[in-house]
Amino acid sequence: MIKTTADQRREPKYWALVPAAGTGQRMKIGTPKQYLEIRGKTLIEHTLERLIEFPLFEKIVVVLRKEDNYRSSLDIFTHEKILLADGGPERYHSVINGLQKINMLAADNDWIMVHDAVRPCIRQADLEWLVECVRNHEVGGLLGAMVKDTIKRTSIDGSIIETVDRSELWHAFTPQMFKRKPLEQALTRVITDKVSVTDEASAMEYSGYHPLMVEGHGDNIKVTQGVDLALASLYIEQQSKLIESP
């Protein structure tokens, strides 16, 4: 299918992409962390339910390992909004695979929101705010939170070298929102140049772009350690009470 000029001139659409091919090595457990449970559901179920609720998304591409043995046990993967793609050895390979899954559906200027599978506390308000702030930006942007703690730089042996000015430092969250074609090109360049990046914004920066930081809620945490599970559960409970309150 060849994209026409009309395809490129239409109003941009929005797609979600969830790389979930990780094995959870940092948590040192047998179960990939996206399949750990809180409040009766796996982390990825909580995450996907929130993305499904967001009305702007055309589809949600979930990228899983080929040998993932959990996908068949979760009904959410059969939802009409969800497409599945195979993961790669690194996050950026998985995101490329996800983009290729919708290559025939999405226009070059469509917006892609890449979101971590293990950020189950993402709020609808933050998704809306990210779109509001970024949709007219020439590059794209990402959610984050300004650093509040004092930051120290140390030597290898742990000795403090200096106190770092935190006034312009941010914690980078997801979703990270970029146009489909520039994102694909940036990730391809990273792979070709064998540069290691940890998020999509880093890939865009490597290609010379300057993404916009958008302040979101601090409860949009990434579950990377055991203690994060309890915290995520607490945040989800608190958020549900906010929704239920008159």
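One structure accompanies this document, and this report is about it. (Residues numbered from 1 in each chain as written. Predicted model: local features only at pLDDT ≥ 70, side-chain atom pairs only at ≥ 80, totals over all residues. Heavy atoms only, no water.)

Here we come to the pairing of strand β9 (residues 160-164). Both strand β8 (residues 151-154) and β9 contribute to a ladder of four bridges, which runs antiparallel. Counted as the bridge partner of Thr 154 is Ile 160 from β9. In sequence, β8 turns back onto β9 through a hairpin of five residues, with Gly 158 there showing a positive phi of about 95°. (Pairing = 2+ DSSP bridges. Helix = DSSP H or I, 4+ residues; strand = E, 2+ residues; numbered from the N terminus.)

We now examine the packing of aromatic side chains. For the coordinates displayed, the defined rule picks out two aromatic pairs. Between Tyr 35 and Tyr 70 the ring centres are 4.5 Å apart and the planes differ by 15°, which places this aromatic pair in the stacked class. With Tyr 35 in the loop between β1 (14-20) and β2 (37-38) and Tyr 70 in the loop between β4 (57-64) and β5 (82-86), this pair connects stretches of sequence that are 35 residues apart. The exposure class assigned to Tyr 70 is partly exposed, which follows from its relative accessible area of 27%. (Phe/Tyr/Trp six-rings, centres within 6.5 Å; stacked < 30°, edge-to-face > 60°. Buried < 20%, exposed > 50% of the residue type's maximum accessible area, 1.4 Å probe, protein only.)

Turning our attention to the environment of Ser 240. With respect to the secondary-structure elements, Ser 240 resides in helix α7 (residues 226-244). Each C-alpha atom of the pair Ser 240 and Asp 126 lies 15 Å from the other, and the pair is 114 residues apart in sequence. At 2.6 Å, the side chain of Ser 240 forms a polar contact with the backbone oxygen of Glu 237. (Polar contact = N/O pair within 3.5 Å; in protein donor to acceptor, adjacent residues only side chain to side chain.)

Ranked by size, the top nonpolar core spans 31 residues in total, and within it Ile 44, Leu 48, Ile 60, Val 62 and Phe 77 carry the most contacts. When contributions to this core are tallied by element, the ones reaching two or more residues are β1, α2 (43-53), β4, β6 (111-114), α4 (124-134), β7 (140-146) and β10 (170-179). With residues up to four places along the chain from it excluded, the contact list for Leu 48 reads Val 18, Ile 60, Val 62, Ile 76, Phe 77 and Ile 82. Counting residues in hydrophobic clusters, the runner-up holds 24 residues, among them Ala 106, Val 197, Ala 201 and Met 204. (Core = buried A, V, L, I, M, F, W, Y, C linked by side-chain atoms within 4.5 Å. Contact = heavy atoms within 4.5 Å.)

Okay, the side chain of Glu 184 next. Mapped onto the secondary structure, Glu 184 falls in helix α5 (residues 180-193). Residue class for Glu 184 comes out buried when judged on its relative accessible area of 14%. Those residues in contact with Glu 184 that lie beyond four places of it in its chain are Ile 96, Leu 99 and Gln 100.

Our focus in this paragraph is α2. Of all 11 residues in α2, nine are buried; the element is thus mostly enclosed. Looking at α2, one finds that the buried residues are Leu 43, Ile 44, Glu 45, His 46, Thr 47, Leu 48, Arg 50, Leu 51 and Ile 52.

For the bond running from Thr 174 to Pro 175, omega is 10°, close enough to zero to count as cis. With a phi close to 55°, Arg 39 is a non-glycine residue in the positive phi region. Judged by relative accessible area, Arg 39 falls into the partly exposed class, the value being 46%. The backbone of Lys 194 shows a phi angle near 55°, a positive value even though the residue is not glycine. The topology assignment puts Lys 194 in the loop between α5 and α6 (200-206).

This part covers the sheet that holds β4. Strand order in the open sheet made by the seven strands is β5-β4-β1-β6-β10-β7-β11, with mixed pairing throughout. For this open sheet the edge positions go to β5 and β11 (212-215), each flanked by a neighbour on one side alone. Pairwise comparison of adjacent strand axes, ignoring direction, gives a mean angle of 30° for this sheet. In the sheet, β7 pairs with β11 via four bridges, with the strands oriented parallel. Residue pairing for β11: Leu 142 is matched across the bridge by Met 213. Running over the sheet, α2 touches β1, β4 and β5 and is turned about 160° from β4. (Axes fitted to C-alpha atoms, helices over the stretch in contact; angles between N-to-C directions.)

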